[in-house]
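Geometric and topological summary
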Amino acid sequence: MLDSAISPGVVIPEAHFTHPEIVTLQQKCFGLHARTAQTTEQIHELRRRVKVGLIAFVQKYSIDLLVTENALTIPMNLPLGLALTEFIAETGIHVIAHHHDFYWERQRFMINAVHDILDAAFPPSFPGIRHVVINTPARRELAQRKGIAASLIPNVFDFDTEPPALDEYARDLREQIGLKPDDILILQPTRLVSRKGVEHAIELVRRLKEPRAKLVVSHSAGDEGLGYYHWLRDLAQSEGVDIRFVANRFSETRTFDERGEKIYTLWDIYPHADLVTYPSTYEGFGNAFLEALYFRKPILVNRYSVYMLDIEPLGFETITMDGYITDDVVEKVRHILNDPELRKQMAGRNFAIAKQHFSLTVLRRRLHNLLETAEQTPS
């Protein structure tokens, strides 16, 4: 089903990675060293179905350029990647392939029975494709592994527009998730997957020894199972840390649940946050980092590789950790939480730096250059 904001369009059910046949297929292709002939046939049958829908879409709307968002990058849907690759090879259509997460960056894809497909389609290399990555390490790795030159366009945010002010709908959010007015809301705005390092946020709150400090996790476990969530829940309980898993109160749009309780958006909680924790061990770039800067919030960030290479040199004022929480980190957090004026000054400087390097204006300029080179490439 298409959202009204992106209609008209063409729906290809098998192009979504949660389609039941795709989910079943993934289980036959990853975590194993060999696949059956029946699995191969299933892959190609689904590829043919997706390709039919793709052809219909391009013909119906006279498409001249495809922008593939991660579909030729992370193998969440093998038939989709193959269908796109085959269609590009047959038509020579211009393509901007936007890459976020390559399969070699994810442990769960390391053992697989589809090396031939990964080599062919994730990503493919054709003259009509302009490849775009979001960080320097990915650019280097793509060149080394596939001999593909890519442009670098980082994740961006609308820093030209001021963040929305706290309105009446979201004013009661703290109360609705069980917080008192004087509680310190420490926000972990990420999914519950192990690379997000949420245990470090728990350690921080434990060592702050501040009864008012509450760790609020806004997202659910996602597609990597519930084991990490259960471990974090037990860890927080054993460490005496008040952690709130509130993903059931958040959605992409404001609405009400079946009990009549408000459902908020992520934008509703940021104005309430006193500190954002971002202790990830790995990130493709750092959307939550940009969100924290946009809402002018102080942030604790682990110095993951992309942060060190592409973000830190720009001069942001953050509380940084190198893989673990130290006494110095705890004291810096305590100092910032107790000094509203310092928080305001830091947030203002960070917003200005982010606007210079990660705004939509930057994206428009780089996309303009990319489109110009795409048009000059023979189809």
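Here's a quick rundown of the structure.

Conventions we followed
Residues numbered from 1 in each chain as written. Predicted model: local features only at pLDDT ≥ 70, side-chain atom pairs only at ≥ 80, totals over all residues. Heavy atoms only, no water. Helix = DSSP H or I, 4+ residues; strand = E, 2+ residues; numbered from the N terminus. Rg over C-alpha atoms; globule rule 2.2 N^0.38 Å. Buried < 20%, exposed > 50% of the residue type's maximum accessible area, 1.4 Å probe, protein only. Areas by Shrake-Rupley, 256 points an atom, 1.4 Å probe, with all protein chains shown as cover. Lys, Arg positive; Asp, Glu negative; His and termini not counted. Charge placed at Lys NZ, Arg CZ, Asp CG, Glu CD. Salt bridge = Lys/Arg side-chain N within 4 Å of Asp/Glu carboxyl O. Pairing = 2+ DSSP bridges. Axes fitted to C-alpha atoms, helices over the stretch in contact; angles between N-to-C directions. Contact = heavy atoms within 4.5 Å. Core = buried A, V, L, I, M, F, W, Y, C linked by side-chain atoms within 4.5 Å. Phe/Tyr/Trp six-rings, centres within 6.5 Å; stacked < 30°, edge-to-face > 60°. Parallel < 35°, antiparallel > 145°, perpendicular 65-115°, else oblique. Nonpolar A, V, L, I, M, F, W, Y, C, P; charged D, E, K, R; others polar.

**Looking at the overall build of the protein chain**
For the protein chain, the helix and strand inventory stands at 14 helices and twelve strands. Taking 379 residues into account, the globule formula puts the C-alpha radius of gyration at 21 Å, and the protein chain, at 22 Å, falls close to it. Counting all 379 residues of the protein chain, 49% fall into the buried class. Of the roughly 18,300 Å² that the protein chain leaves accessible, carbon and sulfur atoms contribute 53%. Of the side chains in the protein chain, 43 bear a positive and 50 a negative charge, and the two mean positions are spaced by 2 Å.

**Thoughts on the pattern of salt bridges**
Two side chains of opposite charge can pair, provided their charged atoms sit close to one another. Under the counting rule described, the total for this entry stands at 34 salt bridges. Between R35 and D116 there is a salt bridge, with the nearest N and O atoms lying 2.9 Å from each other. You can see R35 sitting in the loop between α1 (20-29) and α2 (37-61) and its partner D116 sitting in helix α4 (residues 115-121), a full 81 residues away along the chain. Look at R35 and you get partly exposed, because its relative accessible area is 24%.

**Some words on the sheet that holds strand β1 (residues 65-69)**
Within a sheet, each strand pairs with its neighbour through backbone hydrogen bonds, oriented either parallel or antiparallel. The parallel open sheet is built from four strands, whose spatial order is β1-β2-β3-β4. Every interior strand has two partners, whereas the edge strands, β1 and β4 (150-152), have only one. Shown here is a sheet whose adjacent strand axes are inclined to one another by a mean of 25°, direction ignored. The sheet contact formed by β1 and strand β2 (residues 94-99) spans five bridges and is parallel. Each bridged residue has a counterpart across the sheet, and for T68 the counterpart in β2 is A97. Against the sheet, helix α5 (residues 136-146) makes contact with β2, β3 (129-133) and β4, and its axis sits at roughly 175° relative to β4, the strand it touches most.

**Considering the nonpolar core**
Most often, soluble globular proteins keep nonpolar side chains buried together rather than apart. Counting residues in each nonpolar core, the largest one holds 38 residues, and the members touching the most others are F159, I269, Y270, F289 and F316. Of all elements in the fold, only β5 (184-188), α9 (266-269), β10 (275-278), α10 (287-294), β11 (299-302), α11 (305-311) and α13 (340-357) reach the threshold of two or more residues within this core. Per-element accounting of this core gives the leading share, six residues, to α10. Apart from the residues within four sequence positions on either side, F159 is in contact with L290, L293, Y294, F351, A354, K355, F358 and S359. Among the nonpolar cores identified, the runner-up in size contains 30 residues, and V217, V241, L337 and M346 belong to it.

**Regarding the packing of aromatic side chains**
Per the counting criterion, the structure on display carries 25 aromatic pairs. Ring geometry for W267 against Y270: centres 6.3 Å apart, planes inclined by 80°, an arrangement best described as edge-to-face. Judged by relative accessible area, W267 falls into the partly exposed class, the value being 31%. The class of Y270 is buried, set by a relative accessible area of 0%. The interplanar angle of 85° and the centroid separation of 5.2 Å between the aromatic rings of Y294 and F295 together place this pair among those described as edge-to-face. Among the residues examined, F295 registers a relative accessible area of 7% and is labelled buried. Three or more aromatic residues link up through ring pairs in this structure, and these residues are F157, F159, W267, Y270, Y294, F295 and F351.

**What to know about unusual backbone geometry**
Cis geometry marks the peptide bond from F122 to P123; its omega dihedral reads -5°. With respect to the element layout, P123 can be found in the loop between α4 and β3. For S62, which is not a glycine, the phi torsion comes out positive at approximately 50°. Along the polypeptide, S62 turns up in the loop between α2 and β1. Non-glycine residue K209 carries a positive phi angle of around 50°. Inspection of the secondary structure assignment puts K209 in the loop between α7 (198-208) and β6 (213-217).

**Overview of the packing of α7 against helix α12 (residues 327-337)**
Any two packed helices are characterised by how steeply their axes cross, that is the angle between the axes, and by the distance between the axes. Two numbers describe how α7 lies on α12: the axes approach to 10 Å, and their chain directions differ by 70°. Between α7 and α12, the interaxial angle falls into the category roughly perpendicular. Along its contact with α7, which presents L204, R207 and L208, the element α12 presents D327, V330, V333, R334 and L337. Split by residue class, the contact of α7 with α12 holds five nonpolar, no polar and three charged.

All quantities given are derived from atomic positions and should not be read as evidence of function.
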